[in-house]
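If you want the building blocks of each chain, they are given just below.
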Amino acid sequence: MWRLLGSFIFAFFLVMLAGESHEVEASEVADYFSYPVLGNSRDLSIDPRNDGWTTLGICEFGAQYCNGTSKYHPGEDFFYRCFRDDGSINRDCAYGEPVYATANGLVTFSGVYKDGSWGKAVVILHTLPSPVDISEYIFPGTTMPAGESAERLQLETGCIHLFKTEVVIGQEVKRGDLIGYIGIGYGGYAHAHCEGRWLLGKPDFPEYAGSVQGLTNRGLFDLSDFIADRSAPTHFVYDPGRYDSVSEKVQNPKTCSNEPTHDDAWWYTCNEQDTFIVGDTLWGLFRIDNIQGKHTFKVVARHNGNYSWEWSYGNTNPSYVWPWDYGFFSFRHEYLPLGTWDYDLYVDTGDGFPDYPVATATAEVVLPDDVYTYDGNGYTCANEPHLQPGREDEWWYTCGEQTEFAAGDTIWGLFRIDDVYRNHQFRVDTYRNGVFQWNWSPDWGYVDPLWPWDHAFFWFYLSNATFGDWEFKVSVNTGGGFFTIGSAYFTVGNQTEYYRYDDNAVACRDPVTGDANTAWWFSCDEPSYYYWLGENINLLLRIDNVVVSHRFRVKIYHENQLQSVWTGDWNTVNPLYPWNYAFYFPVHERVPGRGNWFYVIEIDVDDGLDFQYLDTIPINVL
């Protein structure tokens, strides 16, 4: 376990590595180091490394002297010293300030430190370009352990008292990457405690001796001096924004729903937004501060992690005597496709664009809540829909709207949806008198998310329409099943148009003939109205253009007295396939009496209507 030396000493929880000289793989070489926090992020015209920040070292916090005491504060505290209106120090104003990776490296710890009372910590392992003599950076009053080499190829840096971390264990980071945000530390004030360590992952080394045991046994070195010797030239400062106790995070860079605009001081703002609808236009806004020389901006757009396009702009050259307080870069991305977009932002200060971006803005492009709209524009038509003259380029269809039709007509349906953002499939379900008849669905319509359709038409037809009250119910499937959008209602014909009868009832002495070989056309050879007593009387009747189910009935009279009633079975007609004709041929066997006989023939249609008179066949039996 770590040793707690004095009231103010803490350590990082690190992965244990066997042997002080053991080296582990890290990410890219750490060529340069930067301070883990910026300077005065509210006034970046000053030196960003320290001005505005108070950096407390081992002899400045919680100790009156530097020798022979355990009350040393290992590492450094970064906190921003700002004042209230009454002149008192505001100890919370650093809360939410960003903390960065000091150099390229590999995250070996990220999370809650100890029991959480000291916030969260991030530790990063760095590999140097070549070994460094660490003895130059040992704290005053400490000595290297006997036999310990001062040459080091790998180091660790880390910060604690963070309220939020932005990295995970095993993640490779670049110098300047955001790793977390300053929280509340010991004593209740906002700060980040950061250390440099040359004994990798070794929390306790009791065999090492030194005048300040609490420092040597944890392998700490003077982080600020080490960074100062290895700082890259400062051409500009990038500040991603901050949290504070009263406001939301301020983003830099940001994605916007409108073109950025500036005020009289050329300070640009826009409506920040990170979720967009397919086809929208996105604007990006990026800012750097304290610019010391020429610079060129570049944005590289990645779609779902894959390179898509890039664009650069700038090559401006401010005077070194009059550096710029800030410089903005904005870009535009039109007709946004569906997916996740990352916009990597690079700055060239004269040596070409670096291998990794200064910052990345991310936006999500989604489908709208309604992937199409339907405004009740479903119709039935007397003609096939066609392109409207003058609007052919828009693929705009029209037809002669009509809702009442005659039996046998062909009826067209025409529906339209608008603002179509997704692949879709139509379906029509057809009902007659409330009873389902048939449905039909065409192929899918494929929509490029980059170019949503203004509208999509769907048309279909019903041929040889039969009488009744009809409904075309139309549904749309965009991937989750069909959803009904609307119906078009129409009526066909009336009761007098269910069939046609042409006065063709006869009585035959010979049996009626006909079968499949005659296309089911029936006939008799000897129509007659005179019969001998005891003969069979074969009746024959035909109706044409039959569009409904039906049944026949015969009332038989002798000398004007009703003798019997015959009722036939129902003949079922599919409305989709009406009959050209229907025959009825009952037989009165061995007619029992001489005199006048009358056969009154009636028809019942559409399952429940009253029997209607068709014809009477008079017969004289001798």
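These numbers come from a predicted model, not from an experiment.

Caption draft 1: Highlighting the overall build of the protein. The helix and strand tally for the protein stands at two helices and 42 strands. Counting the 622 residues in the protein, one finds 48% classified as buried. Put simply, of all contacts in the protein between residues at least 6 apart along the chain, 69% involve residues at least 24 apart. For the protein, the computed accessible surface area is about 30,200 Å², with 48% contributed by carbon and sulfur atoms.

Caption draft 2: Representation of the pairing of strand E21 (residues 339-348). Among the ten residues of E21, nine are classified as buried, and the element is accordingly described as predominantly covered. Relative to E21, strand E18 (residues 295-303) is paired through eight bridges, and the arrangement is antiparallel. Across the sheet, Arg302 pairs through a bridge with Asp342, a residue of E21.

Caption draft 3: Highlighting the sheet that holds strand E27 (residues 411-420). With antiparallel pairing, three strands are arranged side by side in an open sheet as E23-E27-E30. Single-partner strands in this sheet number two, and they are strand E23 (378-381) and strand E30 (453-462). With direction set aside, neighbouring strand axes in the sheet form an average angle of 20°. By the bridge criterion, four bridges tie E23 to E27 in an arrangement that is antiparallel. If you follow Cys381 over to E27, its bridge partner there is Trp412.

Caption draft 4: Inspection of the packing of aromatic side chains at higher detail. The final tally for this structure, using the stated rule, is 39 aromatic pairs. Relative to Phe490, the ring of Phe472 lies with its centre 4.7 Å away and its plane at 45°, an arrangement referred to as tilted. Of this pair, Phe472 sits in strand E31 (residues 468-477) while Phe490 sits in strand E32 (residues 482-492), and the two are 18 residues apart along the sequence. Taken as a pair, Phe472 and Phe490 share a single burial class, namely buried. Three or more aromatic residues link up through ring pairs in this structure, and these residues are Tyr238, Phe286, Phe297, Trp309, Trp311, Tyr313, Phe329, Phe331, Trp341 and Tyr343.

Caption draft 5: Geometry of the nonpolar core. Phe286 and Tyr343 are the most contacted members of the largest nonpolar core, which totals 48 residues. If you look at the next biggest cluster of nonpolar residues, it comprises 34 residues, including Phe33, Ile134, Cys194 and Leu199.

Caption draft 6: A look at the state of the cysteines. Applying the stated criterion across every chain, the model contains four disulfides. The disulfide that involves Cys256 links it to Cys270, with 1.8 Å between the sulfurs. Here Cys256, found in strand E13 (residues 254-256), pairs with Cys270, found in the loop between strand E15 (268-269) and strand E16 (275-277); they are 14 residues apart in sequence, far enough to count as distant. Note on Cys270: relative accessible area 14%, which makes it buried. Between Cys508 and Cys524 runs a disulfide, and the two sulfur atoms are separated by 1.7 Å. The sign of the -50° torsion about the S-S bond sets the Cys508-Cys524 disulfide as left-handed. With Cys508 in strand E34 (residues 506-508) and Cys524 in the loop between E34 and strand E35 (530-531), this pair connects stretches of sequence that are 16 residues apart. Exposure remark for Cys524: the relative accessible area of 14% places this residue in the buried category.

Caption draft 7: Seen up close, the pattern of salt bridges. What the rule picks out here adds up to 19 salt bridges. Taking the shortest distance from any N to any O, the salt bridge between Glu156 and Arg197 comes out at 3.7 Å. Placement of Glu156 in strand E8 (residues 151-165) and of Arg197 in strand E11 (residues 190-197) is noted, with a sequence separation of 41 residues between them. Accessibility expressed as a relative area gives 3% for Glu156, which makes it buried. Across the pair Asp604 and Arg551 runs a salt bridge whose closest N-O atoms are separated by 3.0 Å. Of the two residues, Asp604 is situated in strand E41 (residues 595-605) and Arg551 in strand E37 (residues 550-558); the sequence distance between them amounts to 53 residues. Residue class for Arg551 comes out partly exposed when judged on its relative accessible area of 23%.

Conventions used here
Residues numbered from 1 in each chain as written. Predicted model: local features only at pLDDT ≥ 70, side-chain atom pairs only at ≥ 80, totals over all residues. Heavy atoms only, no water. Helix = DSSP H or I, 4+ residues; strand = E, 2+ residues; numbered from the N terminus. Buried < 20%, exposed > 50% of the residue type's maximum accessible area, 1.4 Å probe, protein only. Contact = heavy atoms within 4.5 Å. Areas by Shrake-Rupley, 256 points an atom, 1.4 Å probe, with all protein chains shown as cover. Pairing = 2+ DSSP bridges. Axes fitted to C-alpha atoms, helices over the stretch in contact; angles between N-to-C directions. Phe/Tyr/Trp six-rings, centres within 6.5 Å; stacked < 30°, edge-to-face > 60°. Core = buried A, V, L, I, M, F, W, Y, C linked by side-chain atoms within 4.5 Å. Disulfide = S-S within 2.5 Å. Salt bridge = Lys/Arg side-chain N within 4 Å of Asp/Glu carboxyl O.

In short, shape yes, function no, at least from these values alone.
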